[in-house]
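What the coordinates show
Okay, here's what each chain looks like letter by letter:
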Amino acid sequence: MTMKLKSFALAAAVAAAPFVTTTTASAEGERYILVSHAPDSDSWWNTIKNGIALAGEQMDVEVEYRNPPTGDLADMARIIEQAAASGPDGIITTLADPDILEGPIRAAVDSGVDVIIMNTGTPEKAREVGALMYVGQPEYDAGYAAGLRAKSDGIGSFLCVNHYIVQPSSQERCQGFADGLGIDLGDQMIDAGQDPAEIKNRVLAYLSANPDTDAVLTLGPVSADPTLLALEENGMAGDIYFGTFDLGGEIVKGIKDGTIEWGIDQQPFLQAYLPVVVMANYHRYGVLPGNNINSGPGFVTADGLTKIEEFAGEYR
């Protein structure tokens, strides 16, 4: 367990750290910091914040959530360095781009801070950087399973709307889907950006140029919500096969009304909640699960929406 810094030094380090959004559950026990790659604009991460906050309360530990406001990964690397320097008992972090983030994560581990990789990364990468484990969804496997499902539904071509193309795992989702269909990805993946109006326009442009496209795959609410608007505008809503990763309020509505066939639930609540529970028990009792934890994928269809509707955007 990492040696605690004196309280005044800790307060100074945290106060000086830029690019930080903090959700805190105060306690007398251990202190854990979750660092994500998500920009402030991505509301999907509210479920992550709720997960870590509830785990902090239940395990009687102090937890913090930090992120780069614009999603800039160089900023995220600096946040990891600042988090490690503040002397926490553990860091829970995404591994959105190994080329940028492996160094700071390895340095944190080498300094004596225990690390768990969550949401973005792989068990192999977690092992390489010296993390205790990985909690998340194997993205290629999730995409592949979705592709197999779509293939059985008669799909032979698709548009993958990638709103975070710089992140390798987002490309794994699209590639897995193509492989599950048994076709080349080729130019069926577009760099949609993160501006809702631009995403909508790029989807409209692609479908106008490729009117025989069988399906649309989006990678979360950031791309799904504007895509829904695009399909309503061009009259394809409910007619084109539409699947998406992750859940959100508009996605749940789309599944319910038949516009979206299915959503892939990676259970982000568990991705934040479980690492806190695992770390607290590891530090207190020396116990640690022998395997990494797959939080997904699970397919959500109109038949299983009761709990999801009740807790969408909060715990689901």
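The protein is annotated in an unreviewed UniProt entry as Sugar ABC transporter substrate-binding protein of Yoonia phaeophyticola. Per UniProt, the comment on the protein under Subcellular location (unreviewed entry) is "Periplasm". Reading the Sequence similarities (unreviewed entry) entry of the UniProt record for the protein gives the comment "Belongs to the bacterial solute-binding protein 2 family."

**Things to note about the pattern of salt bridges**
Inspection of the entire model under this criterion finds 14 salt bridges. A salt bridge links Arg106 to Glu102, with the nearest nitrogen and oxygen atoms 3.6 Å apart. Pair noted here: Arg106 and Glu102 are both in helix H4 (residues 98-110), with a separation of four residues, about one helical turn. Relative accessible area serves as the criterion here: at 14%, Glu102 is assigned to the buried category. Glu309 serves as the salt-bridge partner of Lys256, at 3.0 Å between the closest nitrogen and oxygen.

**Things to note about the packing of aromatic side chains**
Under the defined criterion, the tally for this structure stands at eight aromatic pairs. Ring centres 5.4 Å apart and planes at 90° place the aromatic pair Trp262 and Phe299 in the edge-to-face group. Separated by 37 residues along the polypeptide, Trp262 in strand S10 (residues 262-265) and Phe299 in strand S12 (residues 298-300) bring together distant segments of the chain. Taking relative accessible area as the criterion, Trp262 reaches 2% and is therefore assigned buried. The class for Phe299 is partly exposed, based on a relative accessible area of 28%. Aromatic side chains Phe269 and Tyr315 sit 5.4 Å apart centroid to centroid with 85° between the ring planes, which places their arrangement in the edge-to-face category. Of the two residues, Phe269 sits in helix H11 (residues 268-285) while Tyr315 sits in the segment after helix H12 (306-311), which places them 46 residues apart along the sequence. Judged by relative accessible area, which is 29%, Tyr315 ranks as partly exposed. These aromatic residues form a ring-pair network of at least three members: Phe269, Tyr273, Phe311 and Tyr315.

**Here's the deal with the UniProt feature "domain: Periplasmic binding protein" (unreviewed entry) in the protein**
UniProt marks residues 39-282 with the feature "domain: Periplasmic binding protein" (unreviewed entry), using the numbering shown here. As annotated, residues 39-282 has a helix share of 52% and a strand share of 16%, and its two end C-alpha atoms lie 30 Å apart.

**So, the side chain of Thr227**
By the element assignment, Thr227 lies in helix H9 (residues 221-234). Accessibility expressed as a relative area gives 0% for Thr227, which makes it buried. Leave out the neighbours within four places in its chain, and Thr227 touches Val161, Ile199, Val203, Val216, Thr218 and Phe242.

**Focus on the layout of surface pockets**
There is about 570 Å³ of room inside the largest pocket. Asp42, Trp44, His163, Pro221 and Val222 are the residues nearest the centre of the largest pocket, which is lined by 34 residues in total. The greatest single-element share of the lining of the largest pocket, amounting to four residues, is contributed by H9. Looking at side-chain class alone, the lining of the largest pocket contains eleven nonpolar, 16 polar and seven charged residues.

**Topic: unusual backbone geometry**
In this structure, Pro297 follows Gly296 across a cis peptide bond, with omega equal to 10°. For Pro297, the location among the structural elements is in the loop between strand S11 (293-294) and S12. Even without a glycine there, the phi angle at Asp246 is positive, about 70°. By the element assignment, Asp246 lies in the loop between strand S9 (241-245) and helix H10 (249-257). Even without glycine at this site, Gln267 takes up a positive phi of about 55°. Here Gln267 falls in the partly exposed class, since its relative accessible area comes to 32%.

**With respect to the sheet that holds S12**
Strand order across the open sheet formed by six strands is S7-S6-S8-S9-S10-S12, with mixed pairing between neighbours. In this open sheet, the two edge strands, each paired with only one partner strand, are strand S7 (189-191) and S12. Each adjacent strand pair in this sheet contributes to an overall mean axis angle of 20°, direction not counted. Two elements, strand S6 (residues 158-162) and S7, share three bridges in a ladder whose sense is parallel. Bridge pairing links Val161 to Ile190 in S7. The sheet contacts of H9 involve S6, strand S8 (215-218) and S9, and relative to S9 the element is tilted by about 165°.

Cut-offs applied
- Residues numbered from 1 in each chain as written.
- Predicted model: local features only at pLDDT ≥ 70, side-chain atom pairs only at ≥ 80, totals over all residues.
- Heavy atoms only, no water.
- UniProt positions renumbered as here; feature names shortened; annotations may be inferred.
- Salt bridge = Lys/Arg side-chain N within 4 Å of Asp/Glu carboxyl O.
- Helix = DSSP H or I, 4+ residues; strand = E, 2+ residues; numbered from the N terminus.
- Buried < 20%, exposed > 50% of the residue type's maximum accessible area, 1.4 Å probe, protein only.
- Phe/Tyr/Trp six-rings, centres within 6.5 Å; stacked < 30°, edge-to-face > 60°.
- Contact = heavy atoms within 4.5 Å.
- 1 Å grid on protein atoms, 1.4 Å probe; cavity = no way out; pocket = protein on both sides within 12 Å on 5 of 7 lines; lining within 4 Å.
- Points joined across faces, edges and corners; volume = space filled by probe spheres on them.
- Nonpolar A, V, L, I, M, F, W, Y, C, P; charged D, E, K, R; others polar.
- Pairing = 2+ DSSP bridges.
- Axes fitted to C-alpha atoms, helices over the stretch in contact; angles between N-to-C directions.

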